[in-house]
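# Secondary and tertiary structure notes
Each chain is listed here by its residues.
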Amino acid sequence: RKKIAVMTSGGDSPGMNAAVRAVVRTGIHYGCDVFAVYEGYEGLLKGGEYLRQMKWEDVRGWLSEGGTLIGTARSMEFRERWGRKQAAGNLISQGIDALIVCGGDGSLTGADLFRSEWPSLVEELVKDGKFTQEQVEPYKSLTIVGLVGSIDNDMAGTDSTIGAYSALERIVEMVDYIDETAKSHSRAFVVEVMGRHCGWLALMAGIATGADYIFIPERAVPHGKWQEELKEVCQRHRNKGRRNNTVIVAEGALDDQLNPVTADDVKNALLDLGLDTKVTILGHVQRGGTAVAHDRWLATLQGVDSVKAVLEMTPQTPSPLIGILENKIIRMPLVESVKMTKSVATAIGNKDFDKAISLRDTEFIE
Ligand code: F6P
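All of these numbers come straight from a predicted model, not from anything done at the bench.

Moving on: the overall build of the protein. Scanning the protein for helices and strands turns up twelve helices and eleven strands. Relative to its length of 366 residues, the protein is compact, with a C-alpha radius of gyration of 23 Å against a globular reference of 21 Å. In terms of its C-alpha atoms, the protein occupies a principal-axis envelope of roughly 80 × 45 × 35 Å. Taken across its 366 residues, the protein has 56% of its residues classed as buried. Put simply, of all contacts in the protein between residues at least 6 apart along the chain, 76% involve residues at least 24 apart.

Attention now moves to the sheet that holds strand E11 (residues 328-333). Paired through backbone hydrogen bonds, the strands of a sheet run either parallel or antiparallel to each other. Taking strand neighbours across the sheet as the criterion, the seven strands line up as E3-E2-E1-E4-E5-E10-E11 in an open arrangement whose pairing is mixed. At either margin of the open sheet sits one strand with a lone partner, and together these are strand E3 (51-53) and E11. On average, adjacent strands in this sheet sit at an angle of 25° to one another, irrespective of strand direction. With five bridges connecting them, strand E1 (residues 3-8) and strand E2 (residues 33-37) associate as parallel partners. Residue pairing across strands places Met-7 opposite Val-37, the latter belonging to E2. Against the sheet, helix H11 (residues 334-349) engages strand E5 (143-148), strand E10 (320-325) and E11, with an angle of about 90° to E11.

To continue, consider the site of the ligand. Lining the immediate surroundings of the ligand are Arg-74, Ile-151, Asp-152, Met-194, Gly-195, Arg-196, Glu-251, His-284 and Arg-287. A distance of 2.8 Å separates an oxygen atom of the ligand from a polar side-chain atom of Arg-287. Notes on the ligand: free accessible area 390 Å², of which the protein chains cover 74%. Of the residues contributing to the shell around the ligand, the split by class is two nonpolar, two polar and five charged.

Parameters at a glance
- Residues numbered from 1 in each chain as written.
- Predicted model: local features only at pLDDT ≥ 70, side-chain atom pairs only at ≥ 80, totals over all residues.
- Heavy atoms only, no water.
- Helix = DSSP H or I, 4+ residues; strand = E, 2+ residues; numbered from the N terminus.
- Rg over C-alpha atoms; globule rule 2.2 N^0.38 Å.
- Buried < 20%, exposed > 50% of the residue type's maximum accessible area, 1.4 Å probe, protein only.
- Contact = heavy atoms within 4.5 Å.
- Pairing = 2+ DSSP bridges.
- Axes fitted to C-alpha atoms, helices over the stretch in contact; angles between N-to-C directions.
- Near = heavy atom within 4 Å.
- Polar contact = N/O pair within 3.5 Å; in protein donor to acceptor, adjacent residues only side chain to side chain.
- Areas by Shrake-Rupley, 256 points an atom, 1.4 Å probe, with all protein chains shown as cover.
- Nonpolar A, V, L, I, M, F, W, Y, C, P; charged D, E, K, R; others polar.

Here it is as structure tokens:
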């Protein structure tokens, strides 16, 4: 019987529970034993009770639950080789040689590194006397499959990550609330949203709420000049009868000299215009709450495919990432996707913002 483990890692995102549910039930359907790794890579390092076999009914009701019920962590120890060796030992002790990881690009990069190091880690475990050569014989390779769980929608090669649409929905709801009070007082509001180095949440929320102006890292604003442009746009909208102004600022927003553009910087520019201006930092409210329908079906279809991928893979198949492109669930090499994602950060670092926009081509409007 094939033994598969599933875990969530990095920042939680709505839909992660639906993904775990799909993996557990699909695995059982195909006659596998499915384990959940509790507390992300930390649990993998601890082993024992952190690796629990899951039954069909253990995941009942998980489709609609927010957060991740098996826990998550941003593990520092797994970044160290000794940590990964310990994790390998715990997997072998439970007879597991396939791991499905639902997390962001950092978590998936770690997973792929784990897979490439696996043979040497196993060799060292034998040398250390933890296992005999016979015991490790069936564990010559580790199968890794990635599912992208992140509210940021920052992974290249997939149209949406599990959780992004739920966070977007939450942001839009909050901005709608803010707009009502803003209109009542004729105020301007600067709303800071999450997304780390990616502007997808800010851009889509801005379009969905009809914001006056949106700041994102990929379309950096001209240093020292953006204030005038912002003021001109907001004033123009006021002149046309708008009673409020809404400016959405991605937490990673930059000017073209790579200086951060903060919500307070934006507020100061609007105060300069004489507008009564407030700042709202939405924070972790964006990550909480139940998953929207999009994230539930996305996580479910991808969870099902991740188990199929495990069963179809040979040791030569590169670790796949399960994505969605043009409404089709697809598999792509995990390393390729991670490389493309990193190249967006590099393009921004090189102040090549046109390239950064084009690398996000499936997700961004120029
Ligand atoms: O990656 C998801 C995310 O919510 C980012 O948007 C944000 O920058 C970060 O995680 C916050 O991390 P933490 O919850 O560890 O503060």
